[in-house]
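What follows is the residue order along each chain.
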Amino acid sequence: MPALTVCFTDTDQDLTPVDAVLRENGIEYVVRQCKTPADLVLNCQGFEVLVNQYTPLTEEAFAGLKDLKVVVRYGVGVDHIDIPAATRHGVTICNVPDGCTNEVADHGAAMLLALARKIVLLNQKARQGKSSFRDAIPLFRLNTCTLGLIGVGRIGIALATRMRGFGMRFLGFDEYARQKNTSPDFIELTDMERVLAESDFISIHCPLDGNRDLIGAAELARMKKTACIINVARGGIINEDALYKALKTGAIAAAALDVSVVEPLPADSKLLTLDNFIYTPHMAYYSVSAAADIGIKAAEEVVRYAKGGALALCLESGTLTAFHPSCVATGRNGAGRERG
């Protein structure tokens, strides 16, 4: 096996599991902490393989890194990578599509239950000496409620599977799942209008690419006034100004976000002033197990490349094949992939 040195463009993870896999296979690595495409061009010259976490990989980066052949994403989502630019420059993009499915689904379920039983609100009231069940009115039995999924891929299905135990009914909007028949029988695939109108809870599991502001004022207005919305996908899919107005005026009941346009959500965000809003700082993906699993799988992909083997996690010619069957086609552009 030829000698190979890999560059981590940036990381905030414990690389101990990665180190073990790479060094066992004779692969050296260096770590940079790049923030911008210009940083990449300046600091990552001469490497065939980059392992990338957050740094944007744009046309500028691919044009400036002449030796680059493979990028392994240290995670699932690739919305910060210009896939068409990578394809034009002959760079193969890989990811770890199943690295945190369980964690994101668990987090979505936790948010749904917190909203359904108004846990956060009641906790806040109790700390103010105002403990009363009346603060939670109205509450509804989950086995009378419908969960709408915008995106019926790995994570959407995993969330629905968890919530089946509560007796919920499921609607899903996912054109890819409908075309390829990849949705389980207990999720009824339908159009966006019906998901918005009939769901008591809506959970988003689609990518940002092509779906920015997918849920805006018009979509929120079509939801039930008693409905709640959850986003554990990407910030920007829900328009935050429209969401604030809908929550403030009672157009919908509540919302829970793990993601935001600016991350973390700024302390002066109007959303944080609302009692019917829950926020966590883009950490749905995380657990000790998930962090190690993602790192190990990314490192194993590097090893496969070094040994001249077929890449198991590559995204072919911008088609994101490694995500199948976890794809979601939205009403905006008919193409997309779910996040984790």
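Above this text sits the structure in question.
A few points on the structure. Residue numbers restart at each chain and count upward from 1, following the sequence in its written direction. For a predicted model such as this one, the threshold for reporting local features is a pLDDT of at least 70, and the threshold for listing and counting side-chain atom pairs is 80 or more; totals across whole chains, interfaces and linings nevertheless cover every residue. The basis for every side-chain value is the complete set of heavy atoms in the structure, and neither hydrogens nor water enter the calculation.

1. Re the environment of Asn25
Thinking step 1. In this description a helix means any DSSP run of H or I spanning at least four residues, a strand means any run of E spanning at least two, and both kinds are numbered starting from the N terminus. As for its placement among the helices and strands, Asn25 is situated in the loop between helix H1 (16-24) and strand E2 (27-31).
Thinking step 2. The sequence separation of Asn25 and Ala3 amounts to 22 residues, and the corresponding C-alpha distance is 9.8 Å.

2. Thoughts on the pairing of strand E10 (residues 228-231)
Thinking step 1. Type-normalised accessible area, obtained with a 1.4 Å probe on protein chains alone, sets the label of each residue: buried when under 20%, exposed when over 50%, and partly exposed for intermediate values. Both faces of E10 are covered, namely the face carrying Cys228 and Ile230 and the face carrying Ile229 and Asn231.
Thinking step 2. Any two strands are treated as partners once DSSP identifies two or more bridges connecting them. One ladder, built from four bridges, connects strand E9 (residues 201-204) with E10; its direction is parallel. Paired with Ile202 across the bridge in E10 is Ile229.
Thinking step 3. Following the backbone out of E9, through helix H10 (residues 217-222) and into the adjacent parallel E10, one traces a crossover that is right-handed.
Thinking step 4. Two elements, E10 and strand E11 (residues 254-257), share four bridges in a ladder whose sense is parallel. Bridge assignment links Asn231 to a residue of E11, and that residue is Leu257.
Thinking step 5. Clockwise travel from the first strand over the helix to the second, with the strands pointing away from the viewer, marks a crossover as right-handed. After leaving E10, the chain enters helix H11 (residues 240-249) and then returns to the sheet as E11, a path that is right-handed.

3. Considerations on the pairing of E11
Thinking step 1. Every second residue of E11 is oriented toward a common face, with Ala254 and Ala256 on one face and Ala255 and Leu257 on the other, all of them buried.
Thinking step 2. The sheet contact formed by E11 and strand E12 (residues 277-279) spans three bridges and is parallel. Paired with Ala255 across the bridge in E12 is Phe277.

4. What to know about the sheet that holds E10
Thinking step 1. Strand order in the open sheet formed by seven strands is E8-E7-E6-E9-E10-E11-E12, and the pairing between neighbours is parallel. The sheet terminates laterally at strand E8 (187-189) and E12, the two strands that pair on one side only. The average undirected angle you get between the axes of adjacent strands in this sheet is 20 degrees.
Thinking step 2. The contact rule is simple, with two residues in contact once any of their heavy atoms fall within 4.5 Å. Here the axes come from fitting lines to C-alpha atoms, over the contacting stretch only for helices, and the angles between their N-to-C directions go from 0 to 180 degrees. Across the face of the sheet, helix H7 (residues 154-164) comes into contact with strand E6 (146-150), strand E7 (169-173), E8 and E9 while running at roughly 170 degrees to E6.

5. With respect to the environment of Gly26
Thinking step 1. In this structure, Gly26 sits in the loop between H1 and E2.
Thinking step 2. C-alpha of Gly26 to C-alpha of Ala267: the two residues are 241 residues apart in sequence and 46 Å apart in space.

6. Quick look at the packing of H1 against helix H12 (residues 288-306)
Two packed helices can be described by the angle between their axes and the distance between those axes.
Thinking step 1. Taken N-terminus to C-terminus, the directions of H1 and H12 make an angle of 20 degrees; their axes are 8 Å apart at the nearest point. In this view, H1 runs roughly parallel relative to H12, as classed from their interaxial angle. For the element pair H1 and H12, the recorded crossing hand is right-handed. When H1 is examined against H12, the residues Pro17, Val18, Val21 and Leu22 are found in contact with a partner set consisting of Ala292, Gly295, Ile296, Ala299, Glu300, Val302 and Val303. Orientation categories follow fixed angle ranges, with anything under 35 degrees roughly parallel, anything over 145 roughly antiparallel, 65 to 115 roughly perpendicular, and all other angles oblique. By convention, the crossing between two helices is left-handed when the near helix turns anticlockwise from the far helix through less than a right angle, and right-handed when the turn is clockwise.

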